[in-house]
Number of protein chains: 2
Amino acid sequence: MKVNTIIRGDCIEELKKFPENSVDLIFADPPYNMQLKNALYRPNNTKVDGVDDAWDKFGSFSEYDEFCITWLKECKRILKDTGSIWVIGSYHNIFRVGNIMLNLGFWILNDVTWYKTNPMPNFLGTRFTNATETLLWCSKGEKYKKYTFNHKMMKKYNGDKQMTSVWQIGLCIRGERLKGDDGKKAHSTQKPEELLKRVILSTTKQGDLVLDPFFGTGTTGAVAKKLNRNFIGIERETAYITLAKKRINAIRVMFPEAEWEEEEIIK
Amino acid sequence: MKVNTIIRGDCIEELKKFPENSVDLIFADPPYNMQLKNALYRPNNTKVDGVDDAWDKFGSFSEYDEFCITWLKECKRILKDTGSIWVIGSYHNIFRVGNIMLNLGFWILNDVTWYKTNPMPNFLGTRFTNATETLLWCSKGEKYKKYTFNHKMMKKYNGDKQMTSVWQIGLCIRGERLKGDDGKKAHSTQKPEELLKRVILSTTKQGDLVLDPFFGTGTTGAVAKKLNRNFIGIERETAYITLAKKRINAIRVMFPEAEWEEEEIIK
DNA sequence: TATAAAGGTGAATCCGCAC
DNA sequence: AGTGCGGATTCACCTTTAT
């Protein structure tokens with residue numbers, strides 16, 4: 001299988017082509033099915049640039065469920081017994097996704113809270129500021145206990161204290177946020193590299209294969225490369241693929257944390 | 001309906017006796033179905049006193065689901081159109097509960113993260129420290145928009161900054177933790193009063209009726225009384241009821257925050 | 001009496017292998 | 001599938017005991 005590449009195509013169709021037990025880690029950032037109805041305005045009357053992409057539209061819960069059941073089933077099939085899977089979502093979709101994953105036999109290891117240091121406030125004062133997204137980290141099933149978890153490395157990364165399931169990380173903004181030719185954000189839901197860094201650093205070894213079925217602008221690939229991991233991305237939209245390729249090819253720097261693992265291997 | 005009382009009986013049977021549209025707020029802390037298998041020991045060889053109560057045992061996911069569908073349906077029926085419901089859970093159950101609530105038409109307003117300041121570590125280094133529980137705050141449905149939310153009060157309570165969906169609160173320990181005659185914790189999952197304080201303060205008015213279908217040792221009732229709200233608790237176990245009654249009868253002090261609302265009403 | 005050391009504990013899906 | 005055992009493993013508090 002060719003690695004460090006982006007496959008252009010439909011997520012489900014492409015996942016079906018993977019052999020069983022072939023992937024070490026899956027990171028999935030699926031559509032959230034946000035069900036946004038009306039435009040949202042800030043107090044100063046400027047419009048909030050929300051997620052209204054066609055790919056985030058589903059007709060009903062069951063349509064969204066069907067979609068998730070299908071791609072998650074394929075993920076389970078192609079995941080190695082020692083592998084694990086991460087899925088990120090918000091309250092709009094994570095309870096449906098989590099329920100499906102449990103029904104498919106995935107075994108939840110942690111529900112990690114991405115605690116945003118700079119969330120968008122609730123302008124109308126109708127709710128608490130929605131300051132989190134949730135990452136579900138799961139092994140292939142209850143009996144698969146040999147999943148990779150670099151406990152000591154994450155402890156070191158966290159200042160010699162065991163890392164908790166709450167990760168305080170800022171939104172992906174400014175220089176890190178990819179812009180299109182029009183100067184606007186190229187992807188509506190680009191994730192911060194720090195998030196992927198913790199995911200990949202904690203649950204893979206160097207040389208492992210990381211698969212991202214919703215590759216977008218390639219944050220997973222960029223971080224995998226910086227950490228000496230192999231990656232495969234699946235993405236439908238050519239515009240995203242173009243940006244991701246450019247981004248990943250430009251990477252020359254390695255995160256120093258990638259070397260920490262070597263120490264463990266030598267020891 | 002008699003308020004400020006504890007009903008002894010089965011949660012579902014008792015909920016069925018409530019009239020429609022009669023309750024302002026529901027706080028539910030249902031069994032989590034933790035599925036604990038073996039004993040767990042700390043590195044110093046002391047045994048962790050885990051949750052092994054009979055009330056937390058369910059035969060299967062579908063058995064647990066059926067239970068939750070039934071009591072949540074009743075909750076929806078008896079909730080006022082201006083009311084809202086909170087359900088707390090961990091990753092063991094919250095994805096099933098959340099999925100069911102969505103299917104029943106509840107409308108998620110926030111998924112609040114209880115970020116524990118002093119969680120129990122993962123002793124064997126097999127996962128991240130599980131540092132959170134999740135509270136789902138929902139209105140009766142998408143079209144019910146007149147739910148109570150004391151935005152200004154919570155902002156004041158939070159040092160004049162809008163409160164976010166992440167609440168850093170310690171575990172219920174020491175003096176606050178109710179003990180039995182044997183000196184051991186009376187209830188295995190007693191919640192901190194600070195958690196209920198934020199729930200009741202933010203989403204009810206003085207004099208409102210708060211219902212807790214899994215009353216336990218009565219944290220909801222105690223906080224409701226301190227905040228000048230009425231409460232009804234449903235609880236099956238006599239031992240818990242005895243403790244809760246004693247606890248609530250002993251309360252003479254009011255949380256000063258209860259008075260804040262009067263200011264709003266006067267204004 | 002003051003300070004230090006030791007002990008207790010919390011909604012926890014917490015190991016791996018040999019026999 | 002169950003049992004037994006060697007070995008690696010923890011954070012923030014507060015309470016109790018020791019120096």
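Right above here is the structure, for reference.
### Some remarks on the protein's contact with DNA strand C
Gln35, Tyr91, Phe123, Leu124 and Arg177 of chain B are the nearest of the 39 residues found near DNA strand C. Backbone atoms, meaning sugar plus phosphate, form 43% of the atoms of DNA strand C positioned within 4 Å of the protein. One nitrogen or oxygen atom from the side chain of tryptophan 107 of chain A is found 3.2 Å from a base oxygen belonging to DNA strand C. Asparagine 130 of chain B is positioned with one of its side-chain polar atoms (N or O) 3.3 Å from a sugar or linking oxygen of DNA strand C. Grouping the amino acids of the surface near DNA strand C by side-chain chemistry returns 18 nonpolar, 10 polar and 11 charged.

### Brief notes about the protein's contact with DNA strand D
Neighbouring DNA strand D are 14 residues; Lys152, Lys155 and Gln162 of chain A together with Phe123 and Arg174 of chain B lie closest to it. A share of 62% of the atoms of DNA strand D within 4 Å of the protein falls on sugar and phosphate groups. Take glutamine 162 of chain A: an N or O atom from its main chain is 2.5 Å from a phosphate oxygen of DNA strand D. At 3.4 Å, a backbone N or O of proline 119 of chain B approaches a base oxygen of DNA strand D. Among the residues forming the surface near DNA strand D, the class breakdown is five nonpolar, five polar and four charged.

### Topic: the pairing of strand S5 (residues 132–139) of chain B
Remember that side chains alternate between the two faces of the sheet whenever the strand is regular. All names here are of chain B. Counting buried positions along S5 gives eight out of eight residues, so the element sits mostly inside the fold. Of the two faces of S5, both are covered, the one formed by Thr132, Thr134, Leu136 and Cys138 as well as the one formed by Glu133, Leu135, Trp137 and Ser139. Pairing between strand S3 (residues 79–89) and S5: six bridges, direction antiparallel. Following the sheet pairing, glycine 89 is matched in S5 by threonine 134.

### Observations regarding the nonpolar core
In terms of nonpolar packing, the biggest core is built from 66 residues, with Trp71, Leu72 and Ile85 of chain A together with Trp71, Leu72 and Ile85 of chain B touching the most fellow members. Ranked by residue count, the leading element in this core is helix H2 (residues 61–78) of chain B, at seven residues. Setting aside chain neighbours within four positions, we find leucine 72 of chain A in contact with Ile85, Val87, Val97, Ile100, Met101, Leu104 and Phe106 of chain A. Counting 40 residues, the second largest nonpolar core, distinct from the first, contains Leu196, Val210, Phe215 and Ala222 of chain B.

### Brief notes about the relation of the copies chain A and chain B
Taken as rigid bodies, chain A and chain B are interconverted by a rotation of 180° and an axial shift of 0.1 Å, the fit giving an RMSD of 0.1 Å. Taken together, the rotation angle and the small translation identify this as a two-fold axis. Judged by C-alpha distance, phenylalanine 95 of chain A is the residue of chain A that lies nearest the rotation axis, at 2.3 Å. Both copies contact each other with a shared surface, as 100% of the interface residues of chain A are interface residues in chain B too.

### Regarding the environment of threonine 134 of chain B
Note on placement: threonine 134 of chain B falls in strand S5. Through-space distance from the C-alpha of threonine 134 of chain B to that of threonine 113 of chain B is 4.8 Å; in sequence the pair is 21 residues apart. Other than its neighbours up to four places away in sequence, threonine 134 of chain B contacts Asp111 of chain A together with Val87, Ile88, Gly89, Ile94, Asp111 and Val112 of chain B.

### A word on the environment of proline 256 of chain B
Among the structural elements, proline 256 of chain B can be located in the loop between helix H7 (238–249) and helix H8 (257–266). For proline 256 of chain B and lysine 226 of chain B, which are 30 residues apart along the polypeptide, the C-alpha to C-alpha distance reads 8.7 Å.

### Let's talk about the sheet that holds strand S7 (residues 209–212) of chain B
Residue and element names in this part refer to chain B. Spatially, eight strands are ordered S1-S8-S7-S2-S3-S5-S4-S6 in an open sheet, and the strand pairing comes out mixed. Of all strands in the sheet, those with a lone pairing partner are strand S1 (5–8) and strand S6 (166–169), marking the two edges. Adjacent strand axes in the sheet meet at a mean angle of 20° when their direction is disregarded. Bridge analysis of S1 against strand S8 (residues 230–235) gives four bridges, and the strand direction is parallel. The residue of S8 that forms the bridge with isoleucine 6 is glycine 233.

### Things to note about helix H3 (residues 94–103) of chain A
All names here are of chain A. The element H3 is extensively covered by neighbouring structure, given that nine of its 10 residues are classed as buried. Buried residues of H3: Ile94, Phe95, Arg96, Val97, Gly98, Asn99, Ile100, Met101 and Leu102, and no others. With its phi angle positive at about 95°, glycine 105 sits one or two positions after the end of H3.

### Some points on the packing of helix H6 (residues 219–226) of chain B against H7 of chain B
Think of two packed helices as two axes; the pair is described by the angle between the axes and how far apart they sit. All names here are of chain B. For the pair H6 and H7, interaxial distance at closest approach is 9 Å and the crossing angle is 15°. Here H6 is positioned roughly parallel relative to H7, judged by the angle of their axes. The chirality of how H6 crosses H7 is right-handed. Side by side, H6 and H7 meet where Thr219, Gly221, Ala222 and Lys225 of the first sit next to Arg247, Ile248 and Asn249 of the second. Partitioning the contact of H6 with H7 into residue classes produces two nonpolar, three polar and two charged.

### Digging into the packing of aromatic side chains
Considering all chains together, one arrives at 28 aromatic pairs over all chains under this definition. Relative to phenylalanine 149 of chain A, the ring of tryptophan 137 of chain A has its centre 5.3 Å away and its plane inclined at 40°; by these criteria the two rings are tilted. Placement of tryptophan 137 of chain A in strand S5 (residues 132–139) and of phenylalanine 149 of chain A in the loop between S5 and helix H4 (151–157) is noted, with a sequence separation of 12 residues between them. Neither tryptophan 137 of chain A nor phenylalanine 149 of chain A differs from the other in exposure class; each is buried. Between phenylalanine 67 of chain B and phenylalanine 214 of chain B the ring centres are 6.2 Å apart and the planes differ by 65°, which places this aromatic pair in the edge-to-face class. Taken together, the residues span a long stretch of sequence, with phenylalanine 67 of chain B in helix H2 and phenylalanine 214 of chain B in the loop between S7 and H6 at a distance of 147 residues. By the burial criterion, phenylalanine 67 of chain B is buried, and phenylalanine 214 of chain B matches it.

### Notes on the pattern of salt bridges
As enumerated under the stated definition, the model contains 27 salt bridges over all chains in all. Here lysine 191 of chain A makes a salt bridge to aspartate 29 of chain A, at a shortest N to O gap of 3.0 Å. In this pair, lysine 191 of chain A sits in the loop between strand S6 (166–169) and helix H5 (193–203) while aspartate 29 of chain A sits in the loop between strand S2 (23–28) and helix H2 (61–78), placing the two residues 162 residues apart along the sequence. For lysine 191 of chain A, a relative accessible area of 6% translates into the label buried. Exposure remark for aspartate 29 of chain A: the relative accessible area of 14% places this residue in the buried category. Across the pair lysine 37 of chain B and glutamate 142 of chain A runs a salt bridge whose closest N-O atoms are separated by 3.1 Å. Within this pair, whereas lysine 37 of chain B is found in the loop between strand S2 (23–28) and H2, its partner glutamate 142 of chain A is found in the loop between S5 and H4, the two belonging to separate chains. A residue is classified by how much of its surface remains accessible, and lysine 37 of chain B, at 56% relative accessible area, is exposed.

The rules behind each value
Residues numbered from 1 in each chain as written. Chains lettered and ligands numbered in written order. Predicted model: local features only at pLDDT ≥ 70, side-chain atom pairs only at ≥ 80, totals over all residues. Heavy atoms only, no water. Near = heavy atom within 4 Å. Polar contact = N/O pair within 3.5 Å; in protein donor to acceptor, adjacent residues only side chain to side chain. Nonpolar A, V, L, I, M, F, W, Y, C, P; charged D, E, K, R; others polar. Buried < 20%, exposed > 50% of the residue type's maximum accessible area, 1.4 Å probe, protein only. Helix = DSSP H or I, 4+ residues; strand = E, 2+ residues; numbered from the N terminus. Pairing = 2+ DSSP bridges. Core = buried A, V, L, I, M, F, W, Y, C linked by side-chain atoms within 4.5 Å. Contact = heavy atoms within 4.5 Å. Least-squares fit on C-alpha atoms with pLDDT ≥ 70 in both. Axes fitted to C-alpha atoms, helices over the stretch in contact; angles between N-to-C directions. Parallel < 35°, antiparallel > 145°, perpendicular 65-115°, else oblique. Left-handed = near helix turned anticlockwise from the far one by under 90°. Phe/Tyr/Trp six-rings, centres within 6.5 Å; stacked < 30°, edge-to-face > 60°. Salt bridge = Lys/Arg side-chain N within 4 Å of Asp/Glu carboxyl O.

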